[in-house]
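Here are the chains, one letter per residue:
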Amino acid sequence: MPETAPNTTAAPAPAATLAPAKIEVRGLSKRFGTNRVLEGLDLDVPAGRSLVVIGGSGTGKSVLIKSILGIVKPDAGSIRVDGTELVGAPRRTLDEARKKFGMLFQGAALFDSLPVWENVAFGLLARRLVDRRTARERAIATLAKVGLGPEAADLYPAELSGGMQKRVGLARAIAAEPEILFFDEPTTGLDPIMADVINELVRRLVRELGATALSITHDMASVRKIADRVAMLYGGKIIWEGPVERLDDSGNPFVDQFVHGRAEGPIRVGIQRIG
Ligand SMILES: Nc1ncnc2c1ncn2[C@@H]1O[C@H](COP(=O)(O)OP(=O)(O)O)[C@@H](O)[C@H]1O
Ligand SMILES: [Mg+2]
């Protein structure tokens, strides 16, 4: 079966030979006012794999992740995690599903008023899974996994460099050893060397946890480093999905244009007036 569906609105070819889908998105639609962002999006994230969604700025990558997390309410469609429907599900079902999730937000999004260790242990403390002492120990052990020593534990986010903030964000995402990790633009705002360090970390953490990962990025270096599979979002849909090895050979003109960063091609880039 071909991997590609160029210029069509068809769903991506199901990854039949892969593990069952950990996350299954069908017909997902979301608009804000007249701005139709997602229009019947289909996506499978296979268990234990790292899937990266690529696409230009403003194409709805963050809206997709936020819909899965339950932060954005879809207008239509289905989102299943381990077979359980989350769209329109009761609070308790959502809370159960969220226990499986770890999230690194774009820009790390740390709590400025909390020291590093409390940021890392935030989910554990909020859910009262452990007492404060244990939480602090867990936080320090988790910081070690992202290459930060115990001296970082009592610093405040404002005292950290951008790269260290990302590491703390990563530590927070993995602290409760989630089954599913979400990474929103993990390398944005970092210099290329720090970006590479973070990419390596993402890769290693996913492997060590045996987690399923759904990341979004427009950084092609990051895609090549962290993805097993890649899906491209354009026009509110996933227009191509395939293994990362096929990225340069996708046969899809939209993917080609994006991967090679060309101004010319089927992707229409709106030029907005400044001011
Ligand atoms: N809460 C919101 N209210 C209104 N518009 C939003 C909201 N969140 C996202 N959008 C719009 O949805 C589109 C996609 O945004 P986003 O998912 O953040 O893009 P990206 O692919 O860069 O992550 C953009 O046009 C953005 O302005
Ligand atoms: Mg985004």
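All figures in this text were calculated on a predicted structure; none of them were measured in a lab.

A separate point is the sheet that holds strand β8 (residues 212–217). Pairing in this open sheet of 6 strands is mixed, and the strands run β6-β7-β8-β3-β9-β10 from one edge to the other. The outermost strands of the open sheet, each flanked by one partner alone, are β6 (101–104) and β10 (237–243). In this sheet, neighbouring strand axes are inclined to one another by 15° on average, regardless of whether the strands run parallel or antiparallel. Here strand β7 (residues 180–184) runs beside β8; their pairing, made up of 5 bridges, is parallel. Bridge assignment links Asp184 to a residue of β8, and that residue is Ile216. With respect to the sheet, helix α6 (residues 162–174) is in contact with β6 and β7, its orientation differing from that of β6 by roughly 170°.

In the region of ligand 1, the neighbouring residues are Phe32, Asn35, Val37, Gly55, Ser57, Gly58, Thr59, Gly60, Lys61, Ser62 and Val63. Looking at the shell around ligand 1 element by element, the count peaks at 3 residues for helix α1 (residues 61–69). The residue inventory of the shell around ligand 1, partitioned by class, reads 3 nonpolar, 7 polar and 1 charged.

Okay, the environment of Glu185 next. Tracing the sequence through the fold places Glu185 in the loop between β7 and α7 (192–209). For the pair Glu185 and Leu104, spaced 81 residues apart in sequence, the C-alpha separation works out to 8.5 Å. Ignoring anything within four residues of it in the chain, the contact list for Glu185 reads Gln106, Ile216 and Thr217.

Turning next to the pairing of strand β4 (residues 76–81). For a regular strand, side-chain orientation follows a simple rule: the groups alternate between the two sheet faces. Relative to β4, strand β1 (residues 21–32) runs antiparallel, the two sharing 5 bridges. Of the residues in β4, the one forming a bridge with Val25 is Ile79. Here β4 pairs with strand β5 (residues 84–85) via 2 bridges, running antiparallel. From the neighbouring strand, Val81 faces β5, where its bridge partner is Thr84. Between β4 and β5, which pair antiparallel one after the other, the connecting turn spans 2 residues, and Asp82 there sits at a positive phi close to 50°.

Moving on, we come to the confidence of the model for the protein chain. Considering every residue of the protein chain, the mean pLDDT works out to 89; 90% of them sit at 70 or more. Within the protein chain, the element-level pLDDT minimum falls on helix α4 (residues 122–126), averaging 88, and the maximum on β4, averaging 98. Here residues 4–11 scores under 50 on pLDDT; set against residues more than four positions off or in separate chains, the count is 13 contacts.

Core analysis: the biggest nonpolar cluster contains 77 residues, and Val52, Val120, Ala139, Leu143 and Met232 have the highest contact counts within it. Top element by residues in this core is α7. It accounts for 6 residues. Among residues more than four places away in sequence, those in contact with Val120 are Ala139, Thr142, Leu143, Val168, Ala171, Arg172 and Ala175.

Moving on, we come to α1. The complete set of buried residues in α1 reads Lys61, Val63, Leu64, Ile65, Ser67 and Ile68. At the C-terminal side of α1, Gly70 shows a positive phi close to 85°.

You will see that Asp82, though not glycine, has its phi angle at about 50°, which is positive. Structurally, Asp82 can be placed in the loop between β4 and β5. In the Ramachandran plot, Glu177 falls in the positive-phi region, its phi being about 50° despite a non-glycine side chain. Topologically, Glu177 is positioned in the loop between α6 and β7.

This part takes up the environment of Pro192. Tracing the sequence through the fold places Pro192 in helix α7. Taking the C-beta count within 10 Å as the criterion, Pro192 has 10 such neighbours and is therefore assigned exposed. As a C-alpha pair, Pro192 and Val202 span 10 residues in sequence and 15 Å in three-dimensional space.

Procedures and definitions
Residues numbered from 1 in each chain as written. Chains lettered and ligands numbered in written order. Predicted model: local features only at pLDDT ≥ 70, side-chain atom pairs only at ≥ 80, totals over all residues. Pairing = 2+ DSSP bridges. Helix = DSSP H or I, 4+ residues; strand = E, 2+ residues; numbered from the N terminus. Axes fitted to C-alpha atoms, helices over the stretch in contact; angles between N-to-C directions. Contact = placed C-beta atoms within 7 Å. Near = placed C-beta within 6 Å. Nonpolar A, V, L, I, M, F, W, Y, C, P; charged D, E, K, R; others polar. pLDDT = per-residue confidence, 0-100. Core = buried A, V, L, I, M, F, W, Y, C linked by C-beta atoms within 7 Å. Buried ≥ 20, exposed ≤ 12 C-beta atoms within 10 Å, placed from the backbone.

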